[in-house]
Amino acid sequence: MSSERTPPGVSAAVPNVARMYDYYLGGKDNFEVDRHAAEKVLAIIPEVRGDARNSRAFLQRAVRHLRQSGVDQFLDIGSGLPTAGHVHEVIDGAKIVYVDNDPVVLTHSRALLGHSSGVTVQEGDLREPEKVMARAAEVLDFERPVALLVVSLMHFVTDEEDPAGIIRRYRDLLPTGGYLVLTHVAPDTMPQKADKVSSVYQNASSPFTPRRRDVFEGFLEGFELLEPGVVNTREWRPDATTDRSLVKGDYHLCAVGAKRS
Ligand SMILES: C[S@@+](CC[C@H](N)C(=O)[O-])C[C@H]1O[C@@H](n2cnc3c(N)ncnc32)[C@H](O)[C@@H]1O
């Protein structure tokens, strides 16, 4: 942030995962401490910027696809700083609830999006599914399909916090006909480097736990996967609009699952 002044409740002493991600994406909503940690990650994996862009591009393709399929309610948990191409910028005519637990994200999101039609910003923690869904239900109609977006977030949930159980609780709460859009960084995609990256995030606002493909597939149990199933973000239905972002770096696995019953 240009002034480097921190709003109340915000620490500029601890690298913050939302602001580090903003830095990877070329945003300006980050502090020196975030840039320093992000540069350490970039020294290990220079393609992280490309990976973040690919993940964003996947999110946009998935959301566009679901909107074209008739879904008009989106719940984006861990929505992040509104750096580039937020959900409401890529689709029309939908209700969108952005949820994040980071005060900087919430302040910026409210300032930038507060007046966008159909957009609501809510404070919430992914690890509290019942609370998050109850609040979202104040805005969204849970009698109709809702697309739940959990993009580039699950690797900030530790094993002790039971990531599979968290996703299962969301699946149970999601209306039939709803969708889950999920991504996760996988260590298989960055051999020998995952541990080094994790050690940088040890000092950040959330630790980083990349997970193997089979674990990611387990998270999707109970969902019917849309084609092409579990793939790297660049491989999920690439299209003419987003192919321009095919840059090096692809560490996220992704999938879109439908809740059929
Ligand atoms: C890497 S960013 C991803 C942003 C966005 N989903 C995207 O793909 O571009 C992760 C976001 O998740 C948020 N986050 C981390 N842990 C969270 C939690 N337990 N509950 C809600 N949001 C969380 C962070 O504040 C950050 O905004």
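That block above? That's the structure.
This write-up is about the structure you can find in this document. (Residues numbered from 1 in each chain as written. Predicted model: local features only at pLDDT ≥ 70, side-chain atom pairs only at ≥ 80, totals over all residues. Heavy atoms only, no water.)

1. Thoughts on the pairing of strand E3 (residues 119-123)
Worth spelling out the cut-off: In this analysis, strands are considered paired if DSSP registers two or more bridges between them. In DSSP terms, a helix is any run of H or I states spanning at least four residues, a strand is any run of E spanning at least two, and both are numbered starting from the N terminus. Here the term right-handed applies to a crossover when the path leading from its first strand over the helix to its second strand runs clockwise, the strands being oriented away from the viewer.
Note: strand E2 (residues 95-100) against E3, five bridges, orientation parallel. Following the sheet pairing, Val97 is matched in E3 by Thr120. Crossover connection from E2 via helix H5 (residues 103-113) to parallel E3: handedness right-handed.

2. Overview of the site of the ligand
For clarity, the threshold we go by: Any residue with a non-hydrogen atom lying within 4 Å of a molecule or strand is treated as near it. Side-chain atoms alone can form a polar contact between residues adjacent in sequence; in general such a contact is a pair of N or O atoms within 3.5 Å, and within protein one must be able to donate a hydrogen while the other accepts it. All accessible-area figures derive from a Shrake-Rupley calculation using a 1.4 Å probe, and residue coverage is judged against the displayed protein chains alone. Three residue categories are used. Nonpolar comprises Ala, Val, Leu, Ile, Met, Phe, Trp, Tyr, Cys and Pro, charged comprises Asp, Glu, Lys and Arg, and polar comprises the others, including Gly.
Lining the immediate surroundings of the ligand are 18 residues, of which Arg56, Gly78, Asp100, Leu126 and Val151 lie closest. A distance of 3.4 Å separates an oxygen atom of the ligand from a polar atom in the backbone of Gly80. Contact with the protein chains hides 97% of the accessible area of the ligand, taken as 590 Å² for the molecule alone. Residues that form the shell around the ligand fall into these classes: seven nonpolar, six polar and five charged.

3. A few points about the packing of helix H1 (residues 17-24) against helix H3 (residues 48-68)
Using the following cut-off: Interaxial angle, 0 to 180 degrees, is taken between N-to-C directions of lines fitted to C-alpha atoms, where a helix line uses only the stretch in contact. Note on angle classes: values under 35 degrees are labelled roughly parallel, values over 145 roughly antiparallel, values of 65 to 115 roughly perpendicular, and the remainder oblique. Contact between two residues is taken to exist if any of their heavy atoms lie within 4.5 Å; hydrogens are not considered.
Contact pair H1 / H3: the axes reach a minimum separation of 8 Å and the direction vectors enclose 100°. Relative to H3, the element H1 is oriented roughly perpendicular. Where H1 abuts H3, its residues Tyr21, Tyr23 and Tyr24 lie against Val48, Arg49, Ala52 and Ser55. Taken together, the residues of the contact of H1 with H3 sort by class into five nonpolar, one polar and one charged.

4. Section: the side chain of Asp51
Rules: In this scheme, a residue with accessible area under 20% of its type's maximum is buried, one over 50% is exposed, and one in between is partly exposed, where area comes from a 1.4 Å probe on protein chains only. Two residue types count as positive, namely Lys and Arg, and two as negative, namely Asp and Glu; His and chain ends fall outside the count. What makes a salt bridge here is a side-chain nitrogen of Lys or Arg within 4 Å of a carboxyl oxygen of Asp or Glu, nothing more.
Following the sequence through the fold, Asp51 ends up in helix H3. Comment: no salt bridge for buried Asp51; closest opposite-charge side chain is Arg234, at 7.9 Å. A distance of 2.7 Å separates the side chain of Asp51 from the backbone nitrogen of Tyr251, its partner in a polar contact.

5. Here's the deal with the environment of Leu75
Structurally, the position occupied by Leu75 is in strand E1 (residues 73-77). The buried category is assigned to Leu75, whose relative accessible area is 0%. Linking Leu75 and Val97, residues 22 residues apart in sequence, is a C-alpha distance of 4.9 Å. Ignoring any residue separated from it by four or fewer positions in sequence, one finds Leu75 in contact with Val97, Val99, Met133, Ala136, Leu140, Val146, Ala147, Leu148 and Leu149.

6. Quick notes on the environment of Ile45
Tracing the sequence through the fold places Ile45 in the loop between helix H2 (32-44) and H3. Distance from Ile45 to Met190, taken between C-alpha atoms, is 8.5 Å for residues 145 residues apart in sequence.

7. Structural notes on helix H8 (residues 194-201)
For clarity, the threshold we go by: Comment: arc refers to directions from the helix axis out to C-beta atoms.
Among the residues of H8, those classed as buried are Ala194, Val197, Ser198, Val200 and Tyr201. Across the axial projection of H8, the buried residues extend over an arc of 155°, all falling on one side. Looking at the buried side of H8, the elements it contacts are H1 and H2.

8. Brief notes about H2
Applicable threshold: The span you would expect from a helix comes to 1.5 Å times its residue count less one.
Over its 13 residues, H2 runs 19 Å from end to end, which matches the ideal 18 Å to within 8%, given 1.5 Å per residue. Within H2, the full set of buried residues consists of Val33, Asp34, Ala37, Ala38, Val41, Leu42 and Ile44. Looking at the buried residues of H2, the elements they touch are H1, H3 and H8.

9. Observations regarding the nonpolar core
Nonpolar side chains in soluble globular proteins generally cluster together in the buried interior. Test applied: Working definition of a nonpolar core: buried Ala, Val, Leu, Ile, Met, Phe, Trp, Tyr and Cys residues. They are joined through side-chain atoms within 4.5 Å.
Among the nonpolar cores identified, the biggest contains 29 residues, and Leu75, Ile77, Leu126 and Leu182 are the most heavily contacted of them. Of all the elements in the fold, those that place two or more residues in this core are E1, E2, helix H6 (129-136), strand E4 (147-150), helix H7 (163-173), strand E5 (179-185), helix H9 (213-219) and strand E8 (252-258). The next biggest cluster of nonpolar side chains, apart from the first, holds 27 residues, and it includes Val119, Val151, Leu226 and Cys254.

10. So, the packing of H1 against H2
The relative placement of two packed helices is expressed as an angle between their axes plus a distance between the axes. Selection rule: Helix crossings get a hand from a simple test, with the near helix turned counterclockwise from the far one by less than a right angle marking a left-handed crossing and a clockwise turn marking a right-handed one.
One can describe the packing of H1 onto H2 by two numbers: an axis separation of 9 Å at closest approach and a directional angle of 65°. Two packed elements cross with a definite hand, and for H1 against H2 that hand is right-handed. Facing H1, whose interface residues are Arg19, Met20, Tyr23 and Tyr24, H2 presents Val33, Asp34, Arg35, Ala37, Ala38, Glu39, Val41 and Leu42. Taken together, the residues of the contact of H1 with H2 sort by class into eight nonpolar, no polar and four charged.

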